[in-house]
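Structural overview
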Amino acid sequence: MPLPIEPAIPELRAALARHYRAVLEAPPGAGKTTRVPLALLDEPWLGGQRIVILEPRRLAARAAALRMATTLGEAIGGTVGYRIRRDTRVGRSTRIEVVTEGILTRMLQHDLALDGVGLVIFDEFHERSLVADTGLALTLASAESLRDDLRILVMSATLDGRVVADLLGGAPVVRSAGSSYPVVTGLAPPRPGSRIEAHVASVVREALTAEAGSLLVFLPGAGEITRVAERLAGNVPADTIVRPLHGSLPADAQDAAIAPATAGKRKVVLATSIAETSLTIDGIRVVIDSGEMRIPRFSPRTGMTRLETVRVSRASADQRRGRAGRLEPGICIRCWSAADDAGLVPFTRPEILDADLASLALDLAAAGFTDPGELRWLDPPPHAAFAQAQELLRLLGALDAAGHITPHGEAMTALGAHPRLAHMLVRAREAGGDSLATATTLVALLEERDILRSTDGPPLADVTTRLDAINRDVDAMQLAGAEVDRGAAARVREGVREWRRRVGPGIEAIPSDDELDAGLLLALAYPDRVAQRRDAVGRFLLRNGRGAVLPSRDPLAHAEWIVAAAIDDTGRDGRITLAAPLDVTQLVARAAEQTTSVDEIEWNAATGSVVARSRLLLGALALRDVAIADPDPVRVAAAFRGGIIGAGIDALPWGSAATLRARLAFLHHHDESWPDVSAAALEPRLEEWLGPDMVRLRKLDQLARVDMGEALRRLLTWEQRRELDELAPERIVVPSGSSVAIDYGKPAAPTLAVRLQEVFGMRATPRIMAGQVPLTMELLSPARRPVQVTRDLASFWANGYFDVRKDLRGRYPKHHWPDDPLAAEPVRGAKRRKR
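**Structural notes on the overall build of the chain**
When helices and strands are tallied, the chain shows 27 helices and 34 strands. For 835 residues, the compact-globule estimate of 2.2 N^0.38 gives 28 Å, and the C-alpha radius of gyration of the chain, at 42 Å, exceeds that figure by more than 25%. Counting only C-alpha atoms and orienting by the principal axes, one finds that the chain spans roughly 140 × 65 × 60 Å. Per-residue burial over the chain gives 51% buried out of 835 residues. Sequence separation of at least 24 residues holds for 67% of the intrachain contacts in the chain that already meet a minimum separation of 6. Looking at the chain, you have 105 positive and 107 negative side-chain charges, and the mean spots of the two groups are 7 Å apart.

Written out as structure tokens, the structure is:
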């Protein structure tokens, strides 16, 4: 039976022959993945060269290669082969290679010209994986600079082909109408508050009763798959087999999930988004979609990645629905509401916008590119995330200051692991002894989901417990209050063997004086996650300044130093899920270049003093913190100055000098040749007037011992010092003989507050500032309460006094209130009225 893609093949051949680049749009089930490479294999322009196909998923890569080989009647590894992680099946006669897991990127790093390759196909490009985006950018660079004969074909089911065609320089777009059977789509929203696993399991049981054929159920992750499988166990018809399908399963389990059901049986395949595209699972007639998917989100702020469960996009939902109509009319049941359906976003965000870009930055550097702007992208890598990735690589020693790859970085690239883990492996290989054996086991553990399962809260975080389980070949026992997951442990051991093969010789336990334990090895991989315990059990501060916590019941919660390999980055403080104790002295001995020795002389606002300490820092962590006995006096004065400015000039202990400052403010108000003593003016001149005293001081309260008046006088010239008391006297003598202080609180109009009886005989208002400024007279009663305010004393005697006198005689009848105040004797005390 001809595949739906067949009518588009001639147009595709012509496009590649003329334009060297093309975009193929074909819906799910058209057969593009397995038919197109075979149809192009004998094109004249290929000239016997190879075709490389990039598949975003390992399972799809193996399945596609096997189907093409079967079509040719050959075994895998003949004309058609594949290269995926931990599994390579190619031979000398292989012409079509299906690759994944960044293998195309490795090929381009070793040979940017891709010698011997005539066509590179990017399949399922609509998934916008980071690997595919990187591969396309580097392949375009190869075609534009080294290989003008290299063909590029981008195939997609849902992505707008015109956008990709523009990126390819105006490539032609070939469209295949495809052919699929009708799919009836229904909605089955969950009840409010119900868990997704319970609801999906219920929908599955109803569909098994109502519909014929096998079921494909989409769930966000392996955890949900396990819980749904547990709910279905013993609750499905006898002819039904439940099969999980996700990326961490071994190959034989994945093959069992996609293989046809045996005669008289049907399957329920519980899958992640791995089954959205490329795969054809025989017998599927019903699709049940949870509507959720799990994607990694990287935070440049924290430098950590967390898995986030999100609603699927419209494109993904349509891809999933299409699985039901590949071989016959089908049913799709969507486990969400009509409102949710209307709110689906059109496409899933490209991985490059949310991913950890450390691997990308290293890959580009290995290919000779220090700036992603040198390449062409559909979506350029975010600047902040890429800059942070480069900073991490510099910390690991993989890049130099200019962003070029170092010899150590090249050794890391050759291993094909995440840069953190590759760095750890290379350093462990250099250390010798048992270091490499421990490192390879750690890498295998970190790449697999946790091998410990606990029903009573999360298992203990110590990674050494997991190492013990793997090294002792423990499969089914209680370990640190948790049970070992046999399947995960088996995959870890397989990973250990693979990593030991890939890392190369030297795994034997050769005696070494420089062996690295698990904590040191993890600190090499995660230098930014070295953590120091804070003020409470289980609370830690990471080297990058981020907070993290462990449950108080976890023994590691009491450790002074740990390194966190896995952190759930949610909330104010991340939750540490995997860590190891750390001997920080050994870390400093091995990574002294990462430490910084600083003498900190700074102001402490809490104590109101200058603090001088010598600190050895590892990022935000203090490895050593001791007081400096004899700090630099210049730096002390600078810190003290900062403390004064922070507290504010007006907050200084002015004491009696406040009067002098007010007198100077009065003089400046009337004559700008006098210094401005406002806070805004004094602050920038602090060194000039208070500097000589600050050198001797460390605490704010020590200013109480400083003569602040003399400090202010440093701003005066010799002539101003001489004229100060004459122009702005502190006190004035009134007729009673009393020396009364002048209040300079209002620079425009200083005030003299004096009892009325003490100025009998004073004919005119006293003046200051060489007679230019009259004082404001605040005349007081015998009880020192204001009775009149005037700046014209003569007018007061002539007019206002008699009204005031009438009032005062009534309130103070025993006091003397003369008829002629200018002729009366002034009274200093409480002189009685004459009888």
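Now that the structure has been shown, the text picks up again.
**Here's the deal with the environment of Asp707**
Topologically, Asp707 is positioned in the loop between helix H24 (686-694) and helix H25 (708-713). In this structure Asp707 comes out as exposed when scored by relative accessible area, which is 52%. For the pair Asp707 and Glu672, spaced 35 residues apart in sequence, the C-alpha separation works out to 25 Å. Of note is the side chain of Asp707, whose polar atom sits 3.1 Å from the backbone nitrogen of Gly709.

**Thoughts on the packing of helix H3 (residues 58-72) against helix H9 (residues 251-258)**
In the contact formed by H3 and H9, the axes pass within 11 Å of each other and the chain directions differ by 65°. Accordingly, the angle class assigned to the pair H3 and H9 is roughly perpendicular. Regarding H3 and H9, the two cross each other, and that crossing is right-handed. Side by side, H3 and H9 meet where Leu59, Arg62 and Ala63 of the first sit next to Ala251, Gln254, Asp255 and Ile258 of the second. Partitioning the contact of H3 with H9 into residue classes produces four nonpolar, one polar and two charged.

**Thoughts on the sheet that holds strand E1 (residues 21-25)**
What the eight strands build is an open sheet, ordered E4-E3-E5-E2-E6-E7-E1-E8; its pairing is mixed. Edge strands, defined here as strands with exactly one partner in the open sheet, are strand E4 (87-89) and strand E8 (173-175). Pairwise comparison of adjacent strand axes, ignoring direction, gives a mean angle of 20° for this sheet. Across four bridges, the pairing between strand E6 (residues 117-122) and strand E7 (residues 151-156) is parallel. Paired with Ile121 across the strands is Leu153, a residue of E7.

**Digging into the pairing of E6**
Along E6, six of the six residues are buried, which leaves the element largely enclosed by surrounding structure. Examined bridge by bridge, strand E2 (residues 50-54) and E6 share five bridges and lie parallel to one another. Paired with Ile53 across the two strands is Ile121, which belongs to E6. Chirality of the crossover, the property in question, places the unit of E6, helix H5 (residues 130-145) and E7 among those that are right-handed.

**Focus: the side chain of Arg663**
Looking at the secondary structure, you find Arg663 in helix H22 (residues 657-670). The buried category is assigned to Arg663, whose relative accessible area is 3%. If near-sequence neighbours (up to four positions away) are discounted, Arg663 is found in contact with Leu724, Asp725, Ala728, Pro729, Glu730 and Tyr744.

**Here's the deal with H9**
In an α-helix, one turn spans 3.6 residues, which is why side chains three or four residues apart end up on the same side. Of the positions making up H9, those classed as buried are Gln254, Ala257 and Ile258. For H9, the angular spread of the buried residues around the axis is 90°, confining them to a single face. At its buried positions, H9 is contacted by H3, strand E11 (240-245) and strand E12 (266-271).

**What to know about the side chain of Arg320**
Note on placement: Arg320 falls in helix H10 (residues 314-322). With sequence-adjacent residues up to four places away left out, Arg320 is seen in contact with Phe218, Ser273, Glu276, Val287, Asp289, Gly291, Glu292, Met293 and Val312.

**What about the pattern of salt bridges?**
A side chain with one charge may pair with a side chain of the opposite charge, provided their charged atoms come close. Per the counting criterion, the structure on display carries 50 salt bridges. For Asp341, the salt bridge is made with Arg334, and the minimal N-O distance between the two is 3.5 Å. By relative accessible area, Arg334 is classed as buried at 4%. Taken together, the shared-partner salt bridges in this structure form one network comprising Arg195, Glu197, Glu224, Arg227 and Arg294.

**Section: the sheet that holds strand E16 (residues 330-334)**
If you walk across this open sheet you meet the six strands as E9-E16-E13-E10-E12-E11, and the pairing is parallel. Looking at strand neighbours, the two that pair on one side only are strand E9 (183-187) and E11, the edges of this open sheet. Direction aside, the axes of adjacent strands within the sheet are offset by 15° on average. Bridge count for strand E10 (residues 214-218) against strand E13 (residues 284-289) is five bridges, and the pairing is parallel. Each bridged residue has a counterpart across the sheet, and for Phe218 the counterpart in E13 is Asp289. Its contacts with the sheet put H9 on E11 and E12, and the angle it makes with E11 is roughly 130°.

**Things to note about the packing of aromatic side chains**
The geometry of an aromatic ring pair comes down to the distance between the two centres and the angle between the two planes. As enumerated under the stated definition, the model contains ten aromatic pairs in all. Plain terms: the ring middles of Phe122 and Phe125 are 6.4 Å apart, the flat faces sit at 80° to each other, and that makes the pair edge-to-face. Residue Phe122 shares its accessibility class with Phe125, and that shared class is buried. Of the aromatic side chains, those joined through ring pairs into one cluster are Phe760, Phe796, Trp797, Tyr801 and Phe802.

**A look at unusual backbone geometry**
One non-glycine residue, Leu114, lies in the positive phi region at around 50°. Mapped onto the elements of the fold, Leu114 is located in the loop between helix H4 (103-110) and E6. Backbone geometry places Glu124, a non-glycine residue, at a positive phi of 50°. With respect to the helices and strands, Glu124 occurs in the loop between E6 and H5.

The rules we used
- Residues numbered from 1 in each chain as written.
- Predicted model: local features only at pLDDT ≥ 70, side-chain atom pairs only at ≥ 80, totals over all residues.
- Heavy atoms only, no water.
- Helix = DSSP H or I, 4+ residues; strand = E, 2+ residues; numbered from the N terminus.
- Rg over C-alpha atoms; globule rule 2.2 N^0.38 Å.
- Buried < 20%, exposed > 50% of the residue type's maximum accessible area, 1.4 Å probe, protein only.
- Contact = heavy atoms within 4.5 Å.
- Lys, Arg positive; Asp, Glu negative; His and termini not counted.
- Charge placed at Lys NZ, Arg CZ, Asp CG, Glu CD.
- Polar contact = N/O pair within 3.5 Å; in protein donor to acceptor, adjacent residues only side chain to side chain.
- Axes fitted to C-alpha atoms, helices over the stretch in contact; angles between N-to-C directions.
- Parallel < 35°, antiparallel > 145°, perpendicular 65-115°, else oblique.
- Left-handed = near helix turned anticlockwise from the far one by under 90°.
- Nonpolar A, V, L, I, M, F, W, Y, C, P; charged D, E, K, R; others polar.
- Pairing = 2+ DSSP bridges.
- Right-handed = clockwise from strand over helix to strand, strands pointing away.
- Arc of directions from axis to C-beta.
- Salt bridge = Lys/Arg side-chain N within 4 Å of Asp/Glu carboxyl O.
- Phe/Tyr/Trp six-rings, centres within 6.5 Å; stacked < 30°, edge-to-face > 60°.

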